[in-house]
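Coordinate inspection notes
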Amino acid sequence: MATAVFPGSFDPVTTGHMDLIERAAAIFDRLVIGVLANSSKTPLCTVEERVQLLKELTKDMPGTEVLSFDGLLVDFVDSTGADTIVRGIRSPADFEYELPLAQANYKLNCKADTLFLATKPEYSYISSSAVKELARYKGDIKGFVPGSVYQFLMQKCNYLDS
Ligand code: PNS
């Protein structure tokens with residue numbers, strides 16, 4: 001069974017992430033979405049919230065599962081039995097950042113090959129960091145995140161009170 005891990009902070013999950021998840025799920029028999037718990041970035045959503053949102057969004061996608069992880073990605077990949085890591089590339093800058101990480105991960109665990117998927121152009125400007133910034137200042141995040149995440153963030157950031 002071809003298994004891949006799609007890792008990330010998913011803080012929060014964006015429409016760009018969801019497009020990549022759908023496309024990766026169509027390539028692999030099993031796709032494990034790995035939510036990094038110990039991110040050094042200041043989180044907007046708790047890891048439990050991020051996992052819950054992703055579980056809800058992928059509940060009708062056969063072959064997908066959502067787990068959180070701590071520590072090294074290659075160890076998490078090993079624990080799932082996967083041999084591929086899927087990462088999205090939005091721009092040349094993403095590739096410059098991702099290539100040495102993929103090479104380091106391969107050096108650490110040569111069973112973990114990284115597959116890059118090109119983000120669709122319509123999602124290339126979307127990032128979790130931009131969403132986080134917009135949410136903190138009550139900017140309009142419609143179109144950046146799936147509807148359920150939009151509703152969740154509206155409540156979490158008290159948009160409805162303002
Ligand atoms: O969504 P992000 O923040 O771009 O995801 C980054 C992620 C989770 C893929 C990356 O930070 C990661 O793999 N972290 C786990 C620690 C690790 O293994 N680092 C790589 C060392 S070479």
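Counting restarts for each chain: residues are numbered from 1 in the order of the written sequence. Predicted model: local features are reported for residues with pLDDT of at least 70 only, side-chain atom pairs are reported and counted for 80 or more only, and whole-chain, interface and lining totals are derived from all residues. Water and hydrogen atoms were dropped before computing side-chain values, which therefore reflect all heavy atoms in the structure.

**Section: the overall build of the chain**
- A helix here means a DSSP run of H or I that spans at least four residues, while a strand means a run of E at least two residues long, and both kinds are numbered starting from the N terminus. Looking only at helices and strands, the chain features six helices and five strands.
- Along its sequence from the N terminus, the chain presents helices and strands in the succession β-α-β-α-β-α-β-α-β-α-α.
- Its C-alpha atoms give the chain a radius of gyration of 15 Å, near enough to 15 Å, the size a compact globule of 162 residues would have.
- Each of the three principal axes of the chain carries a C-alpha extent, and together these read 50 × 30 × 30 Å.
- Contacts between residues were defined by any pair of non-hydrogen atoms, one from each residue, lying within 4.5 Å. At a minimum sequence separation of 6, the contacts of the chain that also span at least 24 residues come to 76%.
- Working note: accessible area of the chain is about 8600 Å², and carbon and sulfur atoms make up 54% of it. Between the two quantities, the radius of gyration covers C-alpha atoms and the globule rule is 2.2 Å times the number of residues to the power 0.38. To measure how exposed things are, a 1.4 Å probe is used in the Shrake-Rupley method; for residues, cover is taken only from the protein chains shown.

**Section: the packing of aromatic side chains**
- When the centres of two rings from Phe, Tyr and Trp lie within 6.5 Å, Trp using its six-membered ring, the rings pair. Their planes under 30 degrees apart give stacked, over 60 give edge-to-face, and anything left gives tilted. Applying the stated criterion to the full structure yields four aromatic pairs.
- Between Phe69 and Phe76 the ring centres are 4.6 Å apart and the planes differ by 15°, which places this aromatic pair in the stacked class.
- Ring geometry for Tyr125 versus Phe144: centroids 5.6 Å apart, planes at 90°, classification edge-to-face. Remark: Phe144 occurs in the loop between α5 (128–136) and α6 (147–156) and Tyr125 occurs in the loop between β5 (113–118) and α5; sequence separation between them is 19 residues.
- When accessible area is computed with a 1.4 Å probe and restricted to protein chains, residues below 20% of their type maximum are described as buried, those above 50% as exposed, and intermediate ones as partly exposed. Accessibility expressed as a relative area gives 52% for Tyr125, which makes it exposed.
- According to the relative accessible area criterion, Phe144 is buried, its value standing at 16%.

**Side note on the pairing of strand β4 (residues 84–89)**
- Most of β4 is tucked away, with five of its six residues classed as buried.
- With two bridges connecting them, strand β1 (residues 3–8) and β4 associate as parallel partners. Looking at the pairing, Ala4 lines up with Thr84 of β4.
- Handedness of a crossover is defined as follows: orient the strands so they point away from the viewer, and if the path from the first strand over the helix to the second runs clockwise, the crossover is right-handed. A crossover connection joins β4 to the parallel β5 through helix α4 (residues 92–108); in handedness this β-α-β unit is right-handed. Paired strands, in this sense, are two strands between which DSSP finds at least two bridges.

**Quick look at the sheet that holds β1**
- Spatially, the five strands line up as an open sheet ordered β3-β2-β1-β4-β5, and their pairing is parallel. Looking at the sheet topology across the chains shown, the edges are occupied by β3 (64–69) and β5. Going across the sheet, the axis of each strand differs from the next one's by a mean of 30°, ignoring polarity. Here an angle of 0 to 180 degrees is reported between the N-to-C directions of two axes, which are lines fitted to C-alpha atoms, with helices fitted over the stretch in contact.

**Some words on the pairing of β1**
- The buried fraction of β1 is high, at six of six residues.
- By the bridge criterion, six bridges tie β1 to strand β2 (residues 30–36) in an arrangement that is parallel. Of the residues in β2, the one forming a bridge with Val5 is Val32.

Coordinates in, geometry out; function isn't part of it.
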